[in-house]
Amino acid sequence: MDFILTNIKQMVTNLGHGQEPVKGQAMKEVGLKEGWAIRVKDGIIDSVGPEAEILSARDENTEIVDLQGKLLLPGFVEPHTHLVYAGDRAHEWALKQQGVPYLEILAQGGGILDTVRQTRSAGKEALKEQTAKRLETMKRGGITTVEIKSGYGLDTATELLQLEVVKELQEEQPLDLVATFMGAHATPPEYKDNPQAFVDLVINEMLPAVEKQGIAEFCDVFCEAGVFSPEDSLRILEAGIEHNLRPKIHADELGVSGGSRIAAQIKAVSAEHLMETDEEGMELMAEAGVIGVLLPATSFNLAKGTYAQARKMLEKNMALALSTDANPGSSPTENMQFVLSVACLYLKLSPEEAIMAATLNAAHAIGRGDLVGSLDPGKQADFVIMDAPSIDYLPYHFASNHVSQVYKKGVPLL
Ligand SMILES: [Zn+2]
């Protein structure tokens, strides 16, 4: 397998950023090139450069693929999903639309707990089938690598089952999957009167079992008033590190939860949501090298008009990533292109910054910055080909799918 993609109108390369997440001002430097070509050998990027130069190095076995003036971007990397779940919560949407707060729905046994009930009783095959369908939607939308969290089991067996579903789907479909254990997503009903005992269960039973299973790479926790306190979040993430799971944290989604401070203290790989984060929290995370994973589709769907202060975070020199937050409650979408539009309109990112956030920085947020997210030679040949006249067109022409082809490790998927 040796081919050259030619006749590319614009190419987002994300070249020149080395091995580190791209911070602050540098996020707009997507290395946009016109008239460049890319050569792929055995699923790996061999070379990228001006078309005449790349073509002159070909031999008789090199296939030439004419992209007919389309755009080429590194495949989108989706760094934050809750994809392994059963059923949906469409009925709850109407309540939220009428203004019932999420924490109230949760307190009445709805929200996450409703999905927990459905997930616990679904069985592995149903979970796999439903998750595979969501991954198919992501693939068609140009996503080539996906992080998936557990967290709808909230008992050891179902948490392990969710992670097993991720592992089996990794073998049965083309996208790269990255698993995160998130047993501390909510306190299950059986521990309602003794939430501390559930924290102990996560630490003493689930984490050792997850390590032994060997699928998850990260440990995540929902740090929020009424869910897990900063102290419990810290305990869980520290225990996760002891079990070889790198820390991530859902922080400051509904209020200033203290999560961004915990993220900085423990040097989390990433902190998620950050809708309510204050400036001090941003400064601490920037200093500690925590990547902010912003989920503007969630803000859009919660319809409160509260969005993360992305421009302030960039001023503080944070590295930002974007995600759909695909989940059955707050963000039932698998559409990263829609996320680009919302990020430009409401987080005030430029199209370049949004694309960097959905590719290279998203890869760093899940420990894949050395493999995907840019067109550096030696990385996987993961691309999305867009039928659009410019990169600005992608967020501008919103809520549409502009993908004409997706390459994963050099293989066209559509
Ligand atoms: Zn989440």
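Overview of the structure. (Residues numbered from 1 in each chain as written. Predicted model: local features only at pLDDT ≥ 70, side-chain atom pairs only at ≥ 80, totals over all residues. Heavy atoms only, no water.)

### Here's the deal with the coordination of the zinc ion
Around the zinc ion, the protein contributes the donor atoms H80 (NE2), H82 (NE2) and H250 (NE2), which lie 2.0 to 2.1 Å from the metal centre. Donor residues binding the zinc ion come from one chain and are separated in sequence as H-x1-H-x167-H. A residue pair is termed long-range when its members are at least 10 positions apart, and H80 in the loop between strand 6 (76–78) and helix 2 (90–97) and H250 in strand 10 (residues 246–251) qualify at 170 residues. Residue H80 shares its accessibility class with H250, and that shared class is buried. (Donors = N, O, S within 2.8 Å, 3.2 Å for Na, K, Ca; no water. Helix = DSSP H or I, 4+ residues; strand = E, 2+ residues; numbered from the N terminus. Buried < 20%, exposed > 50% of the residue type's maximum accessible area, 1.4 Å probe, protein only.)

### A look at the pairing of strand 14 (residues 383–386)
Where a strand is regular, its side chains alternate between the two sheet faces. Residues of strand 14 alternate between two faces, with F383 and I385 on one and V384 and M386 on the opposite face, all of them buried. Relative to strand 15 (residues 403–408), strand 14 runs antiparallel, the two sharing four bridges. Counted as the bridge partner of F383 is Y407 from strand 15. (Pairing = 2+ DSSP bridges.)

### Considerations on the packing of aromatic side chains
Applying the stated criterion across every chain yields a total of eight aromatic pairs. Where Y191 meets F198, the ring centres are 5.5 Å apart and the plane angle is 50°; that geometry is what we call tilted. The class of F198 is buried, set by a relative accessible area of 0%. In this structure an aromatic cluster arises from ring pairing among F3, F383 and Y407. Over the aromatic face of Y85 sits the side chain of R134, whose NZ or CZ is 3.4 Å from the ring centroid. In this structure, K248 packs its charged tip against the face of F218, placed 5.0 Å from the ring centre. (Phe/Tyr/Trp six-rings, centres within 6.5 Å; stacked < 30°, edge-to-face > 60°. Lys NZ or Arg CZ within 6 Å of the ring centre and 35° of its normal.)

### Quick look at the sheet that holds strand 12 (residues 291–294)
Strand order in the open sheet formed by eight strands is 6-7-8-9-10-11-12-13, and the pairing between neighbours is parallel. Where the open sheet ends on each side, the last strands, each with one partner, are strand 6 and strand 13 (320–322). Put simply, the sheet's adjacent strands are angled 25° from each other on average, direction ignored. In terms of strand pairing, strand 10 meets strand 11 (residues 270–273) through four bridges, oriented parallel. When the sheet's bridge partners are listed, K248 is paired in strand 11 with S270. Running over the sheet, helix 5 (residues 124–140) touches strand 6, strand 7 (143–149) and strand 8 (176–184) and is turned about 145° from strand 7. Sitting on the sheet, helix 6 (residues 156–172) touches strand 7 and strand 8, and the angle it makes with strand 8 is about 175°. (Axes fitted to C-alpha atoms, helices over the stretch in contact; angles between N-to-C directions. Contact = heavy atoms within 4.5 Å.)

### As for the nonpolar core
In terms of nonpolar packing, the biggest core is built from 104 residues, with F181 and L322 touching the most fellow members. Ranked by residues supplied to this core, first place goes to helix 7 (residues 195–213) with eight residues. Taken together, domain 1 (2–75 + 374–412) and domain 2 (76–365) each give at least three residues to this core, which thus spans both. Among the nonpolar cores identified, the runner-up in size contains 17 residues, and I8, V65, L67 and I385 belong to it. (Core = buried A, V, L, I, M, F, W, Y, C linked by side-chain atoms within 4.5 Å. Domains from an automatic or database assignment.)

### Some thoughts on empty space enclosed by the protein
Any empty space left between atoms is shown by rolling a water-sized probe over those atoms. Scanning all chains against the criterion turns up one cavity of 30 Å³ or more. Looking at the largest cavity, its volume works out to about 200 Å³. If you go around the largest cavity, you meet 17 residues; those closest to its centre are Y102, F222, E253, N327 and S330. For the lining of the largest cavity, the residue count by class is six nonpolar, seven polar and four charged. (1 Å grid on protein atoms, 1.4 Å probe; cavity = no way out; pocket = protein on both sides within 12 Å on 5 of 7 lines; lining within 4 Å. Points joined across faces, edges and corners; volume = space filled by probe spheres on them. Nonpolar A, V, L, I, M, F, W, Y, C, P; charged D, E, K, R; others polar.)

### Some remarks on the environment of I355
Within the fold, I355 resides in helix 14 (residues 351–358). Since its relative accessible area comes to 1%, I355 is described here as buried. It is 10.0 Å that separates the C-alpha atoms of I355 and C344, two residues lying 11 residues apart in sequence. Apart from the residues lying within four places of it in its own chain, the contact partners of I355 are V12, L73, L340, I391 and L394.

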